[in-house]
Structure formats: C-alpha cells, structure tokens
2 protein chains.
Amino acid sequence: MTTEQEVRAVAARSKEAAAELAPLSRAEKDAALLAMADALVAASASVLAANERDLAAGRDAGLAAGMLDRLALSEERIAGMAQGLRDVAGLPDPIGEVVRGYTLPNGLEVRQIRVPLGVVGIIYEARPNVTVDAAGLCLKSGNAALLRGSASAYHSNTALVGVLSEAAAKAGLPADAVQLVPGVDRESVTHLMRARGLVDVIIPRGGAGLIRNVVENSIVPVIETGVGNCHVYVDAAADLEMAASITMNSKVQRPSVCNAAETLLVHSSVAETFLPSVGALLHGSGVTLHVDPAAAALVPSGPLTVPATDEDWETEYNSLDLAVRVVSSVDEAVAHIRRWGSGHTEAIVSSDTRAIRRFSSRLDSAAVMVNASTRFTDGGEFGFGAEIGISTQKLHARGPMGLPEMTSTSYLVTGDGHVR
Amino acid sequence: MTTEQEVRAVAARSKEAAAELAPLSRAEKDAALLAMADALVAASASVLAANERDLAAGRDAGLAAGMLDRLALSEERIAGMAQGLRDVAGLPDPIGEVVRGYTLPNGLEVRQIRVPLGVVGIIYEARPNVTVDAAGLCLKSGNAALLRGSASAYHSNTALVGVLSEAAAKAGLPADAVQLVPGVDRESVTHLMRARGLVDVIIPRGGAGLIRNVVENSIVPVIETGVGNCHVYVDAAADLEMAASITMNSKVQRPSVCNAAETLLVHSSVAETFLPSVGALLHGSGVTLHVDPAAAALVPSGPLTVPATDEDWETEYNSLDLAVRVVSSVDEAVAHIRRWGSGHTEAIVSSDTRAIRRFSSRLDSAAVMVNASTRFTDGGEFGFGAEIGISTQKLHARGPMGLPEMTSTSYLVTGDGHVR
C-alpha cells in the first residue's frame, strides 16, 4: 500500500524541479523536448519490451480487445509520440507573455506576466501516449509533470518516464521534471489529491468515474475535463441540407469522443420535413434514435427507433445513439439544454440572426457552434497546436485547453521608492 | 439545524437568477446598481435598527470592542456602501469582451467571449459592508450572489439583502440575484460547499480558519484569498534610504492587512549599515523585531528585540512585529521566501538589474514589487476600481481580483455549414 510519505516525497521533488524549470528560456526547453523525442525513438526496443509485459498481463487478466489496442505500443506509435514532442517544441512559449501592462498615475509600472503553474498532477487511464503528451506539454509550459497512469500501463509508463527523465537530465534540466506518482493502488491517487502545497493543480483525464472521484476528493485545485452531452438544435430558419450534414457529422464522424452530439433538437415548424430524411440517413449509418412522441411520428420506425426517457436526455452515449426531441421555440431548446446538458458544446443551425443571438447568449456552455459541427470544439481544430483536454468547468480554463491554459500569472510592479 | 434541502432550494433559485442576469446589458445592470444605492440610503433607518439588534446581541455575548466596531453601521457607513455601488456602476462591464478572436484557415470564426461565472458563493465574517460590496460586484459581472455572512451580523445582513433584492426586482432584475444562504449554523456552510452544479465558485473572505475549512471541504471550486506572509529584501545594491522608507511603509502603514510585510531580509554586505538605523526607526514605531543571530548583533537591543524561531519565518503577524534575517545572496533570500512564504507579495530594494531579474524570476508569488512597498498589491492601487479579494492561488485568478476575475469565457464559433 502506497504511503502518504512516499507520494509527498516524490511531489516535493517535483516542486523543486518546478522551481528550476520556471526561469528556463524557450531555447533550453525546446532543446530538451527534441532530445526527449530522439531518446524515445532510440529506446524503442526497451519501451516495446516493457509494453509487452503490460499487454501480457492484460491478456491474462482478460482485458477487452479495445482496451488492449489502446494499451499497445508499436514502432509507429512511438515515432508518433516523438513527433508530438517535436511539434510541441515548435509551438510558441507561453511563459513570459505580458498579459496586461500599464503605468499607474503615480508612476508605478504594472505588468501581469504569464508564469508556470508549478507542479501539474495528471491522472489518466490506459493509453501510454498520454504519458509522453502530458510530459511534453508540461515541460514546454515550464511545469513539472507528476503523472499517475493506470495500473495496466505500469511497465510502459515506467519505461517511458525513465527515458524522458534521463533525456531531460542530459539536456541540463532537472531529472524530476517528469515523474510518476509512486504506486498503482487507490492510495497512490488519494495521497496525490491531498498534496496541497506541493501539487498546484490536478487534471483528471479519463472516464466519468475517475473524474468524479478527483473532483469530490481532491483538496488540490482540479481542472475538470471531458464529459460532453452535446446538442444540435435545428432552428425554424435552418437550411435543412446543412442541418442534415451537421447532424450527421456531429453524431457519426467519431461517436466515442466528448464533442460528438448526443441529442438532436428540432423546431416543430421544420420537423415534418427534416426528421423523416435525417432519420433515414442516421439509421443508414447505424444510429439508434431515442425519440420523444412528436419525433416518433416522423422518423422511420423499426428496430433503430426507440422511445426516449428522461435518462436519454442526460446521457452521454459515446456510441451510435442519438436522442431526438421536437421543440416549439429557441427558448425551449435553450431550456432543454440548460436542464439536461453538461455545458460542453451546443450547435445551432439557423440563418436567423435573432435566433442565433438568443441561443448563444442564453446558454451556459463552453462552446456554441453556429452553423458548424459540434466536433470542432477541439484544441487541434482551434489551432492551439496541442490540447491538454477540454475543460467543462468555468474556473481558470473553459473549453479546449492549450499551453496558455497551463499557466498562471504573476504581477511585476516596478517603482522608484514608491510607498503609500 | 439547516438542511441540505433548504440550502439547495435557495441555490437553485440563484442559478435561475444567474440565467436571467447573464444576457443583461450594461445599462440594465447599472440602472439596478444605482437603484440599489438609492434604496439603501432610503432604508437607512430600518437597516440601522436591524444592526442595533446585532450589536445588542454582540454586547450581550461579550464581543470584543474591535469586533463590535467592525459590525457597527451608521448613516455615514451606509452612505459609503451606497457610494460603493455607484462606483461599481461606473466601471466598465467585463461581460461580452472578446478575449481572443481569429479566423481559422477553413473559414471558421472563433471568438472567446467573457461571460459570467454564474452563481458566486461568498462566505465572510463580521462586516456587513461586505454584503453590499459583494452583491454589487457580482451583479455588475452578471453573477448571482449567494451570501453567507456571520451569525453575529445576521439581522444586518438580512435587512441589507432585503433592500438590495427588492430594489433589483423593481429595476426589472430577478429578486434572487442577491440572496442569503439560509441558516447561520455550521451546516449552512457545509451544504453550500457541497452544492456543486448549483454554485459555480465559492470565495471565502475572512481568517485563516475559515479559509482552510472551505479549501479542504468544498467540492465547489474555490478561490483562496487572504493569507499574506510578505517579505522585503534589501539587496547589496540597495539605496538604503529608499530601503528604510519601503521597509517602514510595508510594515507600519497598516500592519493588520495581508499585504503588510512580515519579514525583512537584508544582504550581509549592507546589514551593518542598514540594520542599526532601520531597527531604531522600527522600534520608534513600536515594532517588535524577531531577529536571527546575525541581525541580533546589529539592531538595537531592548524589550522590542527578541530572538526569532522557525515559527517566526512562517507567521503572518498582522501586527507590529517583524522577523529579521541577514542573508548572504539574492539566492538565499529567494530560498528563504520559497520555503517560508505564502506566495503573496515580495519586495526587492535594489538598483542592480541582475539581482532584480534573478529575484523576480525565481520566486513563485502573486506579486513582486521592485523598489516599491508591498502595500501596493491591492485592487484599488492597481486601478481596478473594485476588489473582490487578493487571490493567493494560482488557478483562475492570482493577486488582486477585479471584475474580469469574476468571469469565465465561452467560445462562439461561426461557420457556414462547416463539418469535419
């Protein structure tokens, strides 16, 4: 059983490393990232051997094929992770940016400057590529990465962190810039969540259970990511061809991710025209429709059409399922989304500026898409070059998080003997 | 005993009010703030009568004179609170500001827009003026205020919120824009801290015990404010007259507040010249010096000079006490501050650009003052026009918090049928 002392000792080393990372120049950090990329490729054989131990244990434990696939590394996946590090090296350094700057009437110069957060704890599941991703993004933003992967990827993660840490040290950075939290038991996570003062923020990346556990039990500040019960609203003034295309893309292009749509809301004045055809299209892609009574009368019946319950309105299916409801106004669509949504992404299809303005100003979501697919809420699509996750909380960061969201700020105030 | 159901019912009304407040224009909010100011002055007599009940109860309970003074209202203090609301009406509206905006290569227009947080819970002690302050700042930033004052100010706060809420309703805003959390027992606070999903953020304003309780037990995100163990470092290259003036101002001008200095660090090469004279000055203002052995040999001895222990280095005295230590370098000063400080404000007095750069880049504090008093870390001094508190955490807001720190952001993405 992992002890609190073990976790705190490692976190204290992360804190010391963070103090050394904060003042580094972009050139120093980028050189280390490139060295880490090269080291990763050079160490492929030993990383793959460690990964094979995890895969063997996973097969013995009867892990599902999908889980095993997410766990599996290959030369190609390692090359992809290394390329990811090189890409991060190519991004601008957020640290040192003057966010606000002005001179006060008394002559004091005030500068609000971007600085690292310090120690970033990341708790995640299964995929070992998150280990490399997270380490790279933390390092680029001047933060020490304190990583807690899943037990099933233990050997892979240990090998990866060993390679990254050694490469960082060779490049003149503290070896503790990237560390694993000791232990793979529950206590290991618990102690990390209690390490306030040593760890500055925890970002959980994984399923709803993991995220809820961290949000409810951490006394270290948390950035909540990931849950997305997204909506597409087809307005009375929608171009119905566009509406069909956006609905299909939002649902079908990649149903397993958080920015996929889970509910379709259709204005009653276009429901009769729209629902029969889009219903057939969705059925054609294997989508099961969970319909309210009004929609039931309009979409094709059959095994892929079932009645919706309240549970459907609040479910993030992450699968080829879509809840469908007919609404009588923008306000009813807004009320539905406010009641049942998770505040991730909602799309409106409309050419009516008043409807668009009302929809976008009355919602309370991280992103509103106007005549665009919900699938665009994504750090890569937004041009961030990298994404730590998609925050669904309102504090600190909301929506896709890039490197600037991995920072805090500090005020530098310069005077000439100023006193009050 | 206040039940969870009671608190959640009130919080749910705050959430509904927040939905109505979010899309309001600046003109609508300012009109309500001015109406609230007028209503407050008009209701002086009833507010003072309610305050008298709190004061009588406080006297019966043997409250200290200082506490009673902080609790006491007067015509003048009510006029001051009303003026505060008018001042807030005069500030720019943070809501709707486009924080970032750009067009992607595919033609999607991305706008990151400032939006309200939603429901802001504020837990505070004693002074009823915080009730009006907090309500005004929340309303201006489009947030619903859910206030939990102290039991000792219960009648005053109830009267004040009654007046504000009625005035808001008359101005066409939801009456629930400003509410008190029901109850004044421990359970009332506990249930507020568990109301995740209804309350978006909790800001504790008060003593260290209150803040620790909220930080450790809230599952609603918290913005931590208030603790300040601030340092003044007098460098080898300091103008010693300036150093004395900044030291005196940082310690003596208002010792009870969080941006007052608690520790003086002096470079050994100037200690012999500086400490005898500044020690005499500090003694002359009644400051007790808690000194390390090197400083002990240099400051005037007597009843106001006592030996320092490790406890002194980490204590926020909030009184006419100052810990004093001689250090041999900037790095030793930085190491001392990183080890013992609270990350609030540190000042350096120096004319050496290298020392200043090293000091400011190696610390991990909300504010660094270069040749200026620690007392300038303040929303009013920074020109914010209003201050919710001074955040000592790194997430969301750091340092003095003005109206923009009471907001979140939301992405509005506009396309023309864009799909992935």
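As the structure is a prediction and not an experimental result, all values here were calculated from the model.

Thoughts on the packing of helix α2 (residues 26-42) of chain B against helix α7 (residues 154-170) of chain B
Residue and element names in this part refer to chain B.
1) Next: For the pair α2 and α7, the least separation of the axes is 8 Å and the interaxial angle reads 135°. Classed by the angle they form, the pair α2 and α7 counts as oblique. Every pair of crossing elements has a handedness; the one defined by α2 and α7 is right-handed. Contacts from A35, M36, A39 and L40 in α2 reach L160, V163, L164, A167 and A168 in α7.
2) Next: Among the residues making up the contact of α2 with α7, the classes are represented as nine nonpolar, no polar and no charged.

Points about the relation of the copies chain A and chain B
1) Next: For the pair chain A and chain B, the best superposition has an RMSD of 0.1 Å and corresponds to a rotation of 180° with a translation of 0.0 Å parallel to the axis. Both copies of the chain, as the preceding transformation shows, are related through a two-fold rotation axis. Looking at the rotation axis and the C-alpha trace of chain A, the residue lying nearest is H396 of chain A, at 1.8 Å.
2) Next: Residue by residue, 100% of the interface of chain A is reproduced at the interface of chain B, so both copies engage with the same surface.

Overview of the domain arrangement of chain A
Note on interface size: it is often stated as the accessible area lost on association of the parts.
1) Next: Looking at chain A, the domain boundaries give domain 1 (4-225 + 398-414) and domain 2 (230-381).
2) Next: On a C-alpha basis, the centroid separation for the pair domain 1 of chain A and domain 2 of chain A is 35 Å.

Describing the interface of chain A and chain B
1) Next: Opposite the 67 residues of chain A that make contact, chain B presents 67 residues.
2) Next: Carbon and sulfur atoms supply 53% of the area buried between chain A and chain B, which totals about 5700 Å² over both sides.
3) Next: Among the residues chain A hides against chain B, the three largest losses belong to L395, Y411 and R420 of chain A. Together they make up 15% of the total.
4) Next: Counting every contact that joins chain A to chain B gives eight salt bridges.
5) Next: In this structure, the salt-bridge partner of R196 of chain A is E224 of chain B, at a minimum N-O distance of 2.3 Å.
6) Next: Counting the contacts that link chain A with chain B gives 41 residue pairs in polar contact (both at pLDDT 80 or more).
7) Next: Where the side of chain A that touches chain B is concerned, the elements lending two or more residues are β1 (98-103), β2 (109-116), α9 (208-217), α10 (240-252), α15 (353-362), β13 (367-372), β15 (399-401) and β16 (407-418) of chain A.
8) Next: Among the elements that take part in the side of chain A that touches chain B, β16 of chain A stands out by supplying eleven residues, more than any other.
9) Next: Looking at the side of chain A that touches chain B residue by residue, the class counts come to 31 nonpolar, 21 polar and 15 charged.
10) Next: Judged from the five bridges that link them, β13 of chain A and strand β16 (residues 407-418) of chain B form a sheet pairing that is parallel.

A short note on the sheet that holds strand β13 (residues 367-372) of chain B
1) Next: Read from one edge to the other, the open sheet built from ten strands follows the order β1(A)-β2(A)-β16(A)-β13(B)-β12(B)-β7(B)-β8(B)-β11(B)-β9(B)-β10(B), with strand pairing classed as mixed. With partners counted over all chains shown, the strands left at the sheet margins are β1 of chain A together with β10 (305-307) of chain B, one partner each. The sheet shows a mean angle of 20° between the axes of neighbouring strands, taken without regard to direction.
2) Next: Taken together, the five bridges between strand β7 (residues 230-234) of chain B and strand β8 (residues 261-267) of chain B define a ladder with parallel strand orientation.

Observations regarding the sheet that holds strand β6 (residues 201-205) of chain A
Residue and element names in this part refer to chain A.
1) Next: Across the sheet, four strands lie side by side as β5-β4-β3-β6; this open sheet has parallel pairing. Only two strands of the sheet have a single partner each, and these edge strands are β5 (178-180) and β6. For this sheet, the mean inter-axis angle between neighbouring strands, taken without regard to orientation, is 20°.
2) Next: The sheet contact formed by strand β3 (residues 119-124) and β6 spans five bridges and is parallel. Bridging from a neighbouring strand, G121 pairs with I202 of β6.
3) Next: Against the sheet, helix α8 (residues 186-193) contacts β3, β4 (144-148) and β6, and its axis sits at roughly 145° relative to β4.

Thoughts on the side chain of S165 of chain B
1) Next: Considering the arrangement of structural elements, one finds S165 of chain B in helix α7.
2) Next: Setting aside residues up to four positions removed in sequence, S165 of chain B forms contacts with A175 and V178 of chain B.

Concerning α7 of chain B
1) Next: With 17 residues, α7 of chain B extends 24 Å from end C-alpha to end C-alpha; this agrees with the ideal 24 Å at 1.5 Å per step.
2) Next: Directly after α7 of chain B, the chain includes G172 of chain B, whose backbone phi takes a positive value near 90°.

Some details on the UniProt feature "domain: Aldehyde dehydrogenase" (unreviewed entry) in chain A
1) Next: With numbering matched to this structure, UniProt assigns "domain: Aldehyde dehydrogenase" (unreviewed entry) to residues 3-281 of chain A.
2) Next: Overall, residues 3-281 of chain A shows 53% helix and 16% strand. The separation of its end C-alpha atoms is 55 Å.

Quick look at the side chain of D30 of chain A
Residues and elements named next belong to chain A.
1) Next: Of note, D30 is situated in helix α2 (residues 26-42).
2) Next: Judged by its relative accessible area of 11%, D30 falls in the buried class.
3) Next: Separated by 2.7 Å, the side chains of D30 and R26 make a polar contact.
4) Next: Once residues lying within four places of it in the same chain are set aside, the contact partners of D30 are A89 and K140.

A short note on the environment of V163 of chain A
Residues and elements named next belong to chain A.
1) Next: Note that V163 resides in helix α7 (residues 154-170).
2) Next: You can call V163 buried: its relative accessible area is 13%.
3) Next: Separated by 127 residues in the primary sequence, V163 and M36 have C-alpha atoms spaced 7.4 Å apart.
4) Next: Ignoring sequence-local partners within four residues, the contact set of V163 consists of A39, L40, A43 and V47.

Here we look at the pairing of β1 of chain A
All names here are of chain A.
1) Next: Of the strand pairs in this sheet, β1 and β2 are connected by five bridges, and their pairing is antiparallel. What sits directly across from R100, in β2, is Q112.
2) Next: Joining the antiparallel neighbours β1 and β2 is a turn of five residues, in which G107 adopts a positive phi near 95°.

Concerning the packing of aromatic side chains
1) Next: Going through the model one piece at a time under the given rule, you end up with six aromatic pairs over all chains.
2) Next: Connected via pairs of aromatic rings, a cluster forms that spans F382 and F384 of chain A together with Y411 of chain B.
3) Next: Against the face of W313 of chain A rests R325 of chain A, its NZ or CZ located 5.3 Å from the ring centre.

With respect to unusual backbone geometry
Residue and element names in this part refer to chain A.
1) Next: In this structure, N318 is a non-glycine residue whose phi angle is positive, near 55°.
2) Next: Even without being glycine, H396 reaches a positive phi, approximately 75°.
3) Next: Structurally, H396 can be placed in the loop between β14 (389-391) and β15.

Procedures and definitions
Residues numbered from 1 in each chain as written. Chains lettered and ligands numbered in written order. Predicted model: local features only at pLDDT ≥ 70, side-chain atom pairs only at ≥ 80, totals over all residues. Heavy atoms only, no water. Axes fitted to C-alpha atoms, helices over the stretch in contact; angles between N-to-C directions. Helix = DSSP H or I, 4+ residues; strand = E, 2+ residues; numbered from the N terminus. Parallel < 35°, antiparallel > 145°, perpendicular 65-115°, else oblique. Left-handed = near helix turned anticlockwise from the far one by under 90°. Contact = heavy atoms within 4.5 Å. Nonpolar A, V, L, I, M, F, W, Y, C, P; charged D, E, K, R; others polar. Least-squares fit on C-alpha atoms with pLDDT ≥ 70 in both. Domains from an automatic or database assignment. Buried area = accessible area lost by both parts, 1.4 Å probe. Salt bridge = Lys/Arg side-chain N within 4 Å of Asp/Glu carboxyl O. Polar contact = N/O pair within 3.5 Å; in protein donor to acceptor, adjacent residues only side chain to side chain. Pairing = 2+ DSSP bridges. Expected span 1.5 Å × (residues − 1). UniProt positions renumbered as here; feature names shortened; annotations may be inferred. Buried < 20%, exposed > 50% of the residue type's maximum accessible area, 1.4 Å probe, protein only. Phe/Tyr/Trp six-rings, centres within 6.5 Å; stacked < 30°, edge-to-face > 60°. Lys NZ or Arg CZ within 6 Å of the ring centre and 35° of its normal.

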